[in-house]
Every structure is written in structure tokens, then in C-alpha cells.
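Architecture at a glance
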Amino acid sequence: MDIETQILNRLSSVVGLPLAIARDAGNMKNFQFGKIRPDPSGKGTIGDFALHLSCPWRLVTNNRVLTGSADYYEPAVESEDVNLDDQRSGNLQRRRLREIFTDYDSKTRSLVNETDAPIVTAVHSDQFGGLDLDLTGGFRLQVFPTGSRGEDWRFFSPGNEEDHFVIEGGHLDSSPSQP
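As a starting point, this report considers the structure included with it. Residue numbers run consecutively from 1 along every chain, following the written order of its sequence. Residues qualify for local features only when their pLDDT is at least 70, as the model is predicted, and side-chain atom pairs are given and counted only at 80 or more; totals for whole chains, interfaces and linings, by contrast, use all residues. Hydrogens and water molecules were not included; the side-chain quantities draw on all heavy atoms of the structure.

1. Observations regarding unusual backbone geometry
Backbone geometry follows two general trends: most residues other than glycine have a negative phi, and most peptide bonds adopt the trans configuration. Of note, Asn-62 is a non-glycine position whose phi angle comes to about 45°, a positive value. Secondary structure elements follow DSSP: runs of H or I of four or more residues count as helices, runs of E of two or more count as strands, with numbering from the N terminus. The residue Asn-62 is located in the loop between β6 (57-61) and β7 (64-68) in this model. The phi torsion at Arg-109 lies on the positive side, around 55°, for a residue other than glycine. Positionally, Arg-109 belongs in the loop between β8 (103-105) and β9 (110-112).

2. Quick look at the pairing of strand β5 (residues 49-53)
The element β5 is largely enclosed, with a buried count of five among its five residues. The classification of residues rests on relative accessible area computed with a 1.4 Å probe and restricted to protein chains. Under 20% of the type maximum is buried, over 50% is exposed, and intermediate values are partly exposed. Burial of the side chains of β5 extends over both faces: Phe-49, Leu-51 and Leu-53 are buried on one face and Ala-50 and His-52 on the other. For two strands to be treated as a pair, DSSP must find no fewer than two bridges joining them. Where strand β2 (residues 28-33) meets β5, five bridges bridge the pair, whose relative direction is antiparallel. Bridge pairing links Asn-30 to His-52 in β5.

Right, dumping it as C-alpha cells:
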């Protein structure tokens, strides 16, 4: 089975689910989908599915880039400095994501969406491990690996013991596991 089909098969489980959480682990973006619930570990909250992005990504709408991975290093306001300690709006990425996330959870340092929107309506992929998620409201999350090695992104169900679906260097990792 080719990589495009494998991506479509694995990520089809998010179709119909809302984009519920956005949080950071350093400059890695963690998007979660589905119903927000307590993490079984007792530490924070999780969604039904998680997408960890270590490669370039962008969120587009209405023929413009709303935000993307490079905005992590841009100040929210041009005359100010980036403040990575300010989880709400310390950089341009966080400030722009607040346009679609309705709330901020200070306990988990996450942007959260308590509404049912935006919802994933379709998944698209390419032969290089790229991924597009169409969302209601005219949004599209685009993920595009740009390197030949190293982890690009991973998809998994938090709290589940199943192997993670991992794209490395634009290819499906043949020995995926939990981090």
C-alpha cells in the first residue's frame, strides 16, 4: 500500500471530529481532535486523537495564511519581543490560533476549543508524507515534510497502547512506537 493511502486510512478517523486542543512542546505543535477529557495519567487533558508536528505546517483560510510553524518565532505585535513564556499570545502563532480556539486552559497551558467547530471534513495526502485536513469555516491545516530524515509528524490516540503512525524524512517509519 502506498504512503498516500496509508495516511488517508489512518487519519480518516478524525473526519467529523472538532479541532479541540493546540499546545506546544518546545517548537513542536500538538493539535488534538475530538472530545476533551482528563488524561488517564492524571496530568492534564487529551483529545481522542493527537497530531504532533515537527515539520513545517500552516493553517490557511480565505486565501490567506492565518498562521504557521514559522510564526512561533515572530512577535505577536511587531514592536514587541517574542515571549515564549506567554502561552496565550507570546508569539504570532499563538495570537493567531486564538482566532479559532475559544478558550485558554492555564492548567495545561493549552488553547482549547469547547465548541464543535471547526470540524475536520476531509483528509488529503501526498507521496512525500504531506497532509491536508479540511476544516469547517473555510480552514485547512497543511503539513509538509521538508527534510530527508528526522521525524516530521506523528498521529496517535492518547492513552491508547497502539503504535503511533510516524512519518520520518517524508516516509512512513517502519518501526513506529510510542515516544
